[in-house]
Amino acid sequence: TMPHSHPTNTSLSDLHLTGIPGLQHLHRWISVPFCIMYLVTLAGNSTLLCVIKADPSLHLPMFLFLSMLAVIDLVMSTSITPKMLGIFWFHSTAISLGACLTQMYFVHAFSVMESGVLVAMAFDRYMAVCNPLRYLSILTSPVVAAIGLATLLRAVVFMSPLTFQIHHLPLCSPAVVDHSYCEHIAVLKLACRDAAFSNTYSLSISTYVGSFDSLLIALSYALILRAVLSLSSPQARKKAFSTCSSHLCLIALFYIPGLLSMYMERYHQELPPHIQVLLADIYLLIPPAFNPLIYGIRTKQIRDGACKVISWRP
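Parameters at a glance
- Residues numbered from 1 in each chain as written.
- Predicted model: local features only at pLDDT ≥ 70, side-chain atom pairs only at ≥ 80, totals over all residues.
- Heavy atoms only, no water.
- Core = buried A, V, L, I, M, F, W, Y, C linked by side-chain atoms within 4.5 Å.
- Buried < 20%, exposed > 50% of the residue type's maximum accessible area, 1.4 Å probe, protein only.
- Contact = heavy atoms within 4.5 Å.
- Axes fitted to C-alpha atoms, helices over the stretch in contact; angles between N-to-C directions.
- Helix = DSSP H or I, 4+ residues; strand = E, 2+ residues; numbered from the N terminus.
- Left-handed = near helix turned anticlockwise from the far one by under 90°.
- Nonpolar A, V, L, I, M, F, W, Y, C, P; charged D, E, K, R; others polar.
- Pairing = 2+ DSSP bridges.
- Salt bridge = Lys/Arg side-chain N within 4 Å of Asp/Glu carboxyl O.
- UniProt positions renumbered as here; feature names shortened; annotations may be inferred.
- Expected span 1.5 Å × (residues − 1).
- Bend = angle between axes of the 7 residues up to and from the residue.
- Polar contact = N/O pair within 3.5 Å; in protein donor to acceptor, adjacent residues only side chain to side chain.

Looking at the nonpolar core
- The biggest cluster of nonpolar side chains holds 85 residues, and the ones touching the most others in it are Leu15, Phe34 and Leu66.
- Excluding residues that lie within four positions of it along the chain, Leu66 makes contacts with Leu48, Ile52, Met121, Tyr295 and Ile302.

See the structure below:
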């Protein structure tokens, strides 16, 4: 037996990602929508950030949170998509253990941050609809920055132990991760030692973040709905509904596939692995591509800001 101070993962310098298990013959085709979604993500979120930065009238809490979301989406999709496309196009399945753990950390930490920012945006809408007169005096720039920092800290505190645990687990060869990125549970399956603690920890954190955050969001929207229904003018009601509906689309897009893929990974082993992997991929690829579209197209100030920015160009 190997001494414990020299775990197997020192010899496992490289892991191999299979891409989408069982659908390797379709990788080229699958890469097309994935590549398009990634390009849309890059273009949409960068445009959104440029428009918000260039137009001083958009330096409001709602758009500052939207900027945070755009940055998170850019980081999250960039941490997985280029590597995934490398697997699909060039069969470059090898990834070093360090790169794998870094990718895992970024994907999971930024998912937790995205969840936190969605809560902040729901609170922002609640303040705007239910407390409009005090909105700007409560959500000042330092408060918005503090909320952003808190979501970042929460993600770091939750996700660091997870990556640390895996780093210290001995991994067995063959070091093949049946996934298209270093998803935590898929990497855990390579552990030679019992990884029950790591498994339970990650399930508890995901469940806590998912349920606690969606509960806060649901509460905000219940209060908003109550306030909106008491508005006398149908015009005002329509406006409030349209703002909230785009948020709710995003929230559904983010939480439903995420929780589905997580629980299926653990409890429905009879499900074909490609279904689980595709669900996990979609959860990380679709929201970043659609967030700027849903907000950009549905938010009049952003449409106006974009027109302003375009018309300024000589």
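Remarks on the packing of helix α1 (residues 27-54) against helix α9 (residues 273-298)
- Contact geometry of α1 with α9 gives a least axis separation of 7 Å together with a crossing angle of 35 degrees. Both α1 and α9 take part in a crossing whose hand is left-handed. Together, Phe34, Met37, Val40, Thr41, Gly44, Asn45 and Leu48 of α1 and Leu278, Asp281, Leu285, Ile286, Pro288, Ala289, Pro292 and Leu293 of α9 make up the contact between the two elements.
- Classifying every residue of the contact of α1 with α9 by side-chain character gives 11 nonpolar, three polar and one charged.

Considerations on the environment of Ile30
- Within the fold, Ile30 resides in helix α1.
- In sequence terms Ile30 and Leu278 are 248 residues apart; their C-alpha atoms lie 9.9 Å from each other.
- Once residues within four sequence positions are removed from consideration, Ile30 is found in contact with Ile20, Leu23 and Phe88.

Notes on the sheet that holds strand β1 (residues 14-17)
- Spatial ordering of the open sheet is given by β2-β1-β3, a layout of three strands whose pairing is mixed. Edge positions in the open sheet fall to β2 (94-96) and β3 (176-177), since each of these has one partner strand only.
- One ladder, built from two bridges, connects β1 with β3; its direction is parallel. Along β3, the bridge assignment pairs Leu17 with Val177.
- Its contacts with the sheet put helix α3 (residues 97-130) on β1 and β2, and the angle it makes with β2 is roughly 85 degrees.

Some remarks on unusual backbone geometry
- Backbone geometry at His91 places phi at a positive 55 degrees, although glycine is not the residue there.
- One can find His91 in the loop between α2 (61-90) and β2.

Thoughts on the pattern of salt bridges
- Applying the stated criterion to the full structure yields two salt bridges.
- Between Asp124 and Arg125 there is a salt bridge, with the nearest N and O atoms lying 2.8 Å from each other. Judged on exposure class, the residue Asp124 and its partner Arg125 are both buried.
- Where Asp213 meets Arg154, a salt bridge forms, and the shortest distance between an N and an O atom there is 2.7 Å. Residue Asp213 is located in helix α7 (residues 196-229), and its partner Arg154 is located in helix α5 (residues 141-167); the two are separated by 59 residues in the primary sequence. In this structure, Asp213 and Arg154 share a single accessibility class: buried.

Comments concerning the UniProt feature "transmembrane region" (unreviewed entry) in the protein chain
- The positions that UniProt labels "transmembrane region" (unreviewed entry) are, in the present scheme, residues 29-51, 63-85, 105-123, 135-157, 208-229, 241-263 and 275-295.
- Taken end to end, residues 63-85 is 100% helix and 0% strand, and its two terminal C-alpha atoms sit 31 Å from one another.
- Along residues 105-123, the helical share is 100% and the strand share 0%, with 27 Å between the first and last C-alpha atoms.

A short note on α9
- Spanning 26 residues, α9 covers 36 Å between terminal C-alpha atoms, matching the ideal 38 Å at 1.5 Å per step.
- Bending of α9 peaks at approximately 30 degrees at the position of Phe290, with proline Pro292 no more than four residues after it.

Let's talk about the environment of Ser137
- Tracing the backbone shows Ser137 in helix α4 (residues 135-138).
- A distance of 2.9 Å separates a polar side-chain atom of Ser137 from the backbone oxygen of Arg134.

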